[in-house]
Amino acid sequence: MSVLSLGRLHVRRDVEAVDRQLRRMARGRLRNLQDAEDVVQDSWLRAAVAAEAADPPPIRNLQAYLFRIARNLIVDHRRRAAARPIVEVEEVVLLQAADPAPTPEAAVITRDELNRMNRIMAAMPAKPREVFRLARVEGLSYADIGRRLGLSRQTVHQHMARALLALQLATRADFDAET
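Description of the structure in this document. Computed from a prediction, not measured in an experiment: that's the story for all the values here.

## A closer look at a nonpolar patch on the surface
A cluster of nonpolar side chains, contributed by V87, V89 and V93, occupies part of the molecular surface with about 270 Å² of accessible area. Within the secondary structure, V93 is located in helix α4 (residues 91–96).

Next comes the structure, spelled out in structure tokens:
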């Protein structure tokens, strides 16, 4: 910063004194050292940007200007903090919290099960497969499936029974093969 942009503060000692006072004020009002340091840094940055503007208004008292910027930043910080309350949780509790993302092992098992289900479905006759898909994947009722496929409700029920039987037999065959 040039001497001109500092207004009446002409020596390094004065700038350092203002910086110490600014830090002390910010720490006293925020109680969090990191937040206070951020406010001080942002205050100096905003003062520098204002001084370097194309047609800057004169800053007659840099100390007062910096303190006003800092107070405004502190008010903004408190508003943001009030909008999103912080809940303190011990680290032990966080470590015990379950991660909602599936483990790699669970993802592999799920993928294998989906592939197995697709193979079973592909081996089914077309109508039972379509009825099963409409009922279990799309969640349609038997009456809605009947209207969509041009079948009676009873015929939809029979196709669904065939699909469930095919799944049961495939599951039993897989179970028997594992033992």
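## Comments concerning the pattern of salt bridges
Applying the stated criterion to the full structure yields 9 salt bridges. Across the salt bridge formed by R27 and E37, the nearest N and O atoms sit 3.1 Å from each other. One end of the pair, R27, is in helix α1 (residues 12–30); the other, E37, is in helix α2 (residues 33–51), and 10 residues separate them in sequence. Take E37: its relative accessible area is 23%, and that puts it in the partly exposed class. A salt bridge links D144 to R147; the nearest nitrogen and oxygen atoms lie 2.4 Å apart. On the criterion of helical spacing, the pair formed by D144 and R147 is a turn pair, its members being 3 residues apart in helix α7 (residues 142–149). Through salt bridges with shared partners, a single ionic network connects D19, R23, R27 and E37.

## Here's the deal with the side chain of D19
The topology assignment puts D19 in helix α1. Exposure remark for D19: the relative accessible area of 17% places this residue in the buried category. Within the local environment of D19, its side chain forms a polar contact with the side chain of W44, the two groups lying 2.7 Å apart. Leave out the neighbours within four places in its chain, and D19 touches V40 and W44.

## A few points about the nonpolar core
In terms of nonpolar packing, the biggest core is built from 19 residues, with L22, M25, V39, W44, L62 and L66 touching the most fellow members. Those elements giving two or more residues to this core turn out to be α1, α2 and α3 (62–83). A total of 7 residues in this core trace back to one element, the largest contributor, which is α3. If you look at the next biggest cluster of nonpolar residues, it comprises 13 residues, including M121, V131, M160 and A170.

## As for helix α6 (residues 126–137)
Taking 1.5 Å per residue, 12 residues should reach 16 Å; α6 reaches 16 Å between its end C-alpha atoms and fits that length. G139 sits one or two positions beyond α6 and adopts a positive phi of about 75°.

## Comments concerning a positive patch on the surface
A cluster of basic residues, R29, R31, R68 and R78, forms a positive patch on the protein surface. Following the sequence through the fold, R31 ends up in the loop between α1 and α2. Using a relative accessible area of 72% as the deciding quantity, one classes R31 as exposed.

Reading the values: the criteria
Residues numbered from 1 in each chain as written. Predicted model: local features only at pLDDT ≥ 70, side-chain atom pairs only at ≥ 80, totals over all residues. Heavy atoms only, no water. Patch = residues over 30% accessible without salt bridge, like charges linked within 9 Å, V, L, I, M, F, W, Y side chains within 5 Å. Areas by Shrake-Rupley, 256 points an atom, 1.4 Å probe, with all protein chains shown as cover. Salt bridge = Lys/Arg side-chain N within 4 Å of Asp/Glu carboxyl O. Helix = DSSP H or I, 4+ residues; strand = E, 2+ residues; numbered from the N terminus. Buried < 20%, exposed > 50% of the residue type's maximum accessible area, 1.4 Å probe, protein only. Polar contact = N/O pair within 3.5 Å; in protein donor to acceptor, adjacent residues only side chain to side chain. Contact = heavy atoms within 4.5 Å. Core = buried A, V, L, I, M, F, W, Y, C linked by side-chain atoms within 4.5 Å. Expected span 1.5 Å × (residues − 1). Lys, Arg positive; Asp, Glu negative; His and termini not counted. Charge placed at Lys NZ, Arg CZ, Asp CG, Glu CD.

In short, shape yes, function no, at least from these values alone.
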